[in-house]
Amino acid sequence: MAGRPTYQRRHFCFRWRGRRWYDPNERKVIWSTLSLALVSLGLRLLSLGFSSGQLVPLKAASAIPRLGIVGTAHDLSAGGLHHVTATQEICVFCHTPHRSLEGIKQTIPVWNHVTTTSHFTMYASARLKGAVDAQPLGPSLACLSCHDGTVAMGALHEVPPDGGQGDYSQATGGVNRVTGLMEGPSATGRDLSSAHPIAVTYRDDLHPTLRPPSELVGVKLYPSNVRGAKVQCASCHDPHNFGLEGSTAPFLRVSKEGSSLCLACHMV
């Protein structure tokens, strides 16, 4: 046809089933089904692989922290990880919406579990500058009311309607099927002298490697992140959130990778 330019192939041309899908001779994409699928795949990989402007592994980008306790070791119901009791209730093992026992001084809202009366051997060291309480208080005492291994998991003030909190016959994973007491690695016992100090006053002014409380990220002092507040079990552990498998699980506030949890408070 007069006036129509003749197509000349000067460079390599990609073809699929006899059709061109990218032709540098015409400097354009030939929009076939294949080319659309490839472009869509590329955009999808970019959206998954980039975070805050830098490329991260797709596995890490797609991983989602498991929030809450349902189905975890802190779910003491029949449907929990270790089937500790026969009840279907979950929150009742720590909290009750009504008739919470007065006089419990752990500052735990609507606390429902029987509190341990154990006498603990606290951490002691000449290198430790912060003052350690004579015995655990606050959130640490709440944790130890199961983890010291002296109080049954289902020992509650307000029992669930089905009354199944006293049946441990199906329990696994370090719970005695007769007594309901925690045993095994998760039971800390009453000697806390070889663990990270708890119920200790955080004083960054006593040691140059401690971060100021206002700079702490992820970890939590009690009652708040200020000088003179306490380091408790829940400073590093979040009892309500299982966390991210391989990073913050189980129940850590900050990832262990690269010693990030330690470096949240300690500078090296």
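What you are looking at is a predicted structure, and each value in this text was computed from that prediction instead of being measured.

Thresholds, definitions, all that
Residues numbered from 1 in each chain as written. Predicted model: local features only at pLDDT ≥ 70, side-chain atom pairs only at ≥ 80, totals over all residues. Heavy atoms only, no water. Helix = DSSP H or I, 4+ residues; strand = E, 2+ residues; numbered from the N terminus. Buried < 20%, exposed > 50% of the residue type's maximum accessible area, 1.4 Å probe, protein only. Contact = heavy atoms within 4.5 Å. Areas by Shrake-Rupley, 256 points an atom, 1.4 Å probe, with all protein chains shown as cover. Core = buried A, V, L, I, M, F, W, Y, C linked by side-chain atoms within 4.5 Å. pLDDT = per-residue confidence, 0-100. Phe/Tyr/Trp six-rings, centres within 6.5 Å; stacked < 30°, edge-to-face > 60°. Salt bridge = Lys/Arg side-chain N within 4 Å of Asp/Glu carboxyl O. Polar contact = N/O pair within 3.5 Å; in protein donor to acceptor, adjacent residues only side chain to side chain.

S.K.: Residues and numbers for the overall build of the protein chain, please.
M.R.: Across its full length, the protein chain holds five helices and seven strands. Scanning the protein chain from its N terminus toward the C terminus, one meets helices and strands in the order β-β-β-α-β-β-α-α-β-β-α-α. Taking all 268 residues of the protein chain together, 32% fall into the buried category. For the protein chain, the share of sequence-separated contacts (at least 6 apart) that also reach a separation of at least 24 residues comes to 53%. Total accessible area on the protein chain stands at roughly 16700 Å², and carbon and sulfur atoms take up 59% of it.

S.K.: Quick rundown of the nonpolar core? Include the residues and the values.
M.R.: Core analysis: the largest hydrophobic core is formed by 13 residues, its most contacted members being Tyr202, Leu216, Val219, Leu221, Val231, Leu261 and Cys265. Residues contacting Cys265, with those up to four places away along its chain left out, are Tyr202, Thr209, Leu210, Arg211, Leu216 and Val219. Membership of the second largest hydrophobic core comes to 12 residues, among which are Leu76, Val92, Tyr168 and Met182.

S.K.: Give me the lowdown on the confidence of the model for the protein chain, citing residues and values where you can.
M.R.: The predicted model of the protein chain has a mean per-residue pLDDT of 82, with 74% of residues at 70 or higher. Overall, residues 25-31 carries pLDDT values under 50, and its contacts beyond four positions in sequence, including any with other chains, amount to 19 contacts. A low-confidence stretch, residues 48-62 (pLDDT under 50), is modelled with 10 contacts involving residues beyond four sequence positions or located in other chains.

S.K.: Please give an account of the packing of aromatic side chains that cites residues and values.
M.R.: Across all of its chains, the model carries one aromatic pair by this definition. Relative to Phe251, the ring of Phe242 has its centre 5.5 Å away and its plane inclined at 85 degrees; by these criteria the two rings are edge-to-face. When its relative accessible area of 15% is taken as the criterion, Phe242 is described as buried. Looking at Phe251, the relative accessible area reads 6%, which means it is buried.

S.K.: Lay out the pattern of salt bridges in plain terms, naming residues and giving numbers.
M.R.: Inspection of the entire model under this criterion finds four salt bridges. Across the pair Lys230 and Asp133 runs a salt bridge whose closest N-O atoms are separated by 2.9 Å. With Lys230 in strand 7 (residues 230-231) and Asp133 in the loop between helix 2 (58-62) and helix 3 (138-147), the pair connects residues that are 97 residues apart, well separated along the chain. Among the salt bridges present, the one from Arg227 reaches Asp204, with a minimum N-O distance of 2.9 Å. Of this pair, Arg227 sits in the loop between strand 6 (200-201) and strand 7 while Asp204 sits in the loop between strand 6 and strand 7; the two residues are 23 residues apart in sequence, bridging distant segments of the chain. By relative accessible area, which is 11% here, Asp204 ends up buried.

S.K.: Go over the side chain of Gln232 with me, naming the residues and quoting the values.
M.R.: By the element assignment, Gln232 lies in the loop between strand 7 and helix 4 (233-236). Using a relative accessible area of 6% as the deciding quantity, one classes Gln232 as buried. Of the polar contacts made by the side chain of Gln232, one reaches the side chain of Ser140; its length is 2.6 Å. Here Gln232 is in contact with Leu137, Pro139, Ser140, Ile198, Ala199 and Tyr222, once residues within four sequence places are set aside.

S.K.: Now, about helix 3: what can you tell me, with residues and values included?
M.R.: Among the 10 residues of helix 3, eight are classified as buried, and the element is accordingly described as predominantly covered. Residues Gly138, Pro139, Ser140, Leu141, Ala142, Leu144, Ser145 and Cys146 constitute the buried set of helix 3. Elements that come into contact with the buried residues of helix 3 comprise helix 4. Positive phi shows up at Gly149, right after helix 3, with a value of about 80 degrees.

S.K.: Give me the lowdown on unusual backbone geometry, citing residues and values where you can.
M.R.: Cis geometry marks the peptide bond from Tyr222 to Pro223, where omega comes out at 10 degrees. Within the secondary structure, Pro223 is located in the loop between strand 6 and strand 7. Looking along the chain, the bond that leaves Ala249 and enters Pro250 is cis, with omega of -5 degrees. The topology assignment puts Pro250 in the loop between helix 4 and helix 5 (260-263). Here the phi dihedral of Phe251 falls at roughly 65 degrees; this positive angle occurs in a residue that is not glycine. In this fold, Phe251 is placed in the loop between helix 4 and helix 5. In this model, Ser259 sits at a positive phi of 60 degrees, which is unusual for a non-glycine residue. Inspection of the secondary structure assignment puts Ser259 in the loop between helix 4 and helix 5. On the basis of relative accessible area, Ser259 is assigned to the partly exposed category, the value being 41%.

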